[in-house]
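Observations on the three-dimensional arrangement
Here is how the chains run, residue by residue.
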Amino acid sequence: MSVERKISLTKKYMYSALIIAGAVVAAFGIRVLVGPRLKTANSGYRVVMGTFANITAVAGDSKTAGICVEAAFDKLKYVDEVMSDYKAESQLSQVNREAFGRPVHVDENLFEVLRISGEYSRQTENAFDITVGPIVDLWRQAQELKRLPTEAELAEARSRVGFGKLALNRADKTVRFGVKGMRLDLGGIAKGYAIDSAIEAMEKAGAVGGLVDLGGDVRCFGTPSDNKASWLVGLQDPAADDRLLLVLKLRDMAVATSGGYRRFTEIDGQRYSHIINPGAGASADELISVSIIAQTATAADTLATAVSVLGGEKGLELIDSLSETEAILVGAGKTAELIHTEGVRRYVDTTQAVPVYSTASKVAGQRKPWPKENQL
Ligand code: AMP
Ligand code: MG
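What comes next concerns the included structure. Source: prediction; values computed, not measured.

How each quantity is defined
Residues numbered from 1 in each chain as written. Chains lettered and ligands numbered in written order. Predicted model: local features only at pLDDT ≥ 70, side-chain atom pairs only at ≥ 80, totals over all residues. Heavy atoms only, no water. Phe/Tyr/Trp six-rings, centres within 6.5 Å; stacked < 30°, edge-to-face > 60°. Helix = DSSP H or I, 4+ residues; strand = E, 2+ residues; numbered from the N terminus. Buried < 20%, exposed > 50% of the residue type's maximum accessible area, 1.4 Å probe, protein only. Lys NZ or Arg CZ within 6 Å of the ring centre and 35° of its normal. Near = heavy atom within 4 Å. Polar contact = N/O pair within 3.5 Å; in protein donor to acceptor, adjacent residues only side chain to side chain. Areas by Shrake-Rupley, 256 points an atom, 1.4 Å probe, with all protein chains shown as cover. Nonpolar A, V, L, I, M, F, W, Y, C, P; charged D, E, K, R; others polar. Axes fitted to C-alpha atoms, helices over the stretch in contact; angles between N-to-C directions. Parallel < 35°, antiparallel > 145°, perpendicular 65-115°, else oblique. Contact = heavy atoms within 4.5 Å.

1. Considerations on the packing of aromatic side chains
If you walk through the whole model with that rule in mind, you get two aromatic pairs. Taken together, a centroid distance of 6.3 Å and an interplanar angle of 85 degrees make the contact between Tyr-45 and Phe-52 edge-to-face. Arranged with centres 5.2 Å apart and planes meeting at 40 degrees, the rings of Trp-139 and Tyr-272 form a pair that is tilted. Here Trp-139 is found in helix α6 (residues 133–145), whereas its partner Tyr-272 is found in strand β12 (residues 270–273), with 133 residues between them in sequence. Comparing Trp-139 with Tyr-272 shows no difference in burial state: the two are buried. Above the face of the Phe-73 ring, Arg-46 is positioned so that its terminal group lies 4.2 Å from the ring centre. Sitting above the plane of the Phe-111 ring, Lys-173 keeps its charged end 5.5 Å from the centroid.

Structure representation (structure tokens):
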């Protein structure tokens, strides 16, 4: 006989039923007072900006949460349309084609990215430099030719690199190249900027919490999903695709990872990172992986690229000088040493063996134990 049936049969049980019903009403009342139960929408993985994106929105109702996810995706697509250097019709491509001959007017978002890029160039002593395009091209070409760029080629390319050779006109929102053959490359900042724009769009559309994961760069805000105290973000182990380095617990923070382990040029069995030291013209190979935790994805993205160039010592010096900014570095070479700023500890979830949000689709949902040797 079911419990419900017993309750309906005896008076004693009827009282119990009333008490239970009362408790349910009270609980419901309290919930109404506290606020409605939040709903979560998750996009699953979708391809955008040449990588995978996964967006989660938390809102008062399912419909709003769904609208927030789509608003965030619209922003990612918009940033890609304006700033992609793969798309010939993007504004960035137009700038690269025409900005030596005349000042090219750009969208205010693109202008903002150019202006912010200049600030990061100054802050990082030009380790971060979006004018690095000509040297990036040389290294891409090296992959096809199966030989390293020559000194002469590098010197010539370097003559077309330098943020100071770019004229930005704030009033007209125009950009002009001071040297023929310059090429802007937003590969080190566009993802971060897109994530920040997407988060802003979600907030505007009514989300009380959300997370945007774009190719492993992540920003979260507000109330985490599933009644958790924090958003959980797994960082991929650069040495093994199917393993996590560690799991971060974040609230209102971003994390971005740069590293030679993801994209590189291989010549004669030697790997060269796709990140370039603009001053030297060389690929930046001291660190295999650089993760930066910061308040915005734009900051995390640019600083991860810059620290890859600066290397461990100077890189940590830079990050230590910035508030609310932390770094987790993995050295290249056999030892693959893990180095981090002191403040990283408070973001590391040492109890969490299973990541809820991982940094790439490849590792999503994996069930690997917490790596003991990497405990902080
Ligand atoms: P990320 O993965 O964010 O570190 O960005 C790397 C991409 O940014 C490269 O593939 C290049 O397109 C571009 N890049 C390479 N070196 C630099 C640099 N020193 N400063 C800015 N962007 C760079
Ligand atoms: Mg970057």
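2. Examining the site of ligand 1
Every one of the 16 residues lining ligand 1 counts as a neighbour, but Asp-185, Ser-258, Arg-263, Ile-276 and Thr-305 are closest to it. At a separation of 3.1 Å, an oxygen atom of ligand 1 approaches a polar backbone atom of Gly-188. Within the side chain of His-274, a nitrogen or oxygen atom sits 2.8 Å from an oxygen atom of ligand 1. The fraction of the free accessible surface of ligand 1 (500 Å²) that becomes covered by protein chains is 97%. Looking at the shell around ligand 1, the element that brings in the most residues is helix α9 (residues 297–320), giving three residues. A breakdown of the residues in the shell around ligand 1 according to their chemical character gives seven nonpolar, five polar and four charged.

3. With respect to unusual backbone geometry
A positive phi angle, close to 55 degrees, is found at Lys-173, a residue other than glycine. Mapping Lys-173 onto the fold places it in the loop between β4 (166–169) and β5 (174–177). Owing to a relative accessible area of 26%, Lys-173 belongs among the partly exposed residues under this scheme. Its identity is not glycine, yet Asp-268 carries a phi of approximately 50 degrees, on the positive side. With respect to the secondary-structure elements, Asp-268 resides in the loop between β11 (264–267) and β12. With relative accessibility at 77%, the residue Asp-268 sits in the exposed group.

4. Looking at the packing of helix α8 (residues 190–204) against α9
Where α8 meets α9, the axes come as close as 7 Å, and the angle between the chain directions of the two elements is 170 degrees. One element, α8, and the other, α9, form an angle in the roughly antiparallel class. In contact with Ala-190, Lys-191, Gly-192, Tyr-193, Ile-195 and Asp-196 of α8, α9 contributes Ala-297, Thr-298 and Asp-301. Residue composition of the contact of α8 with α9, by class: four nonpolar, two polar and three charged.

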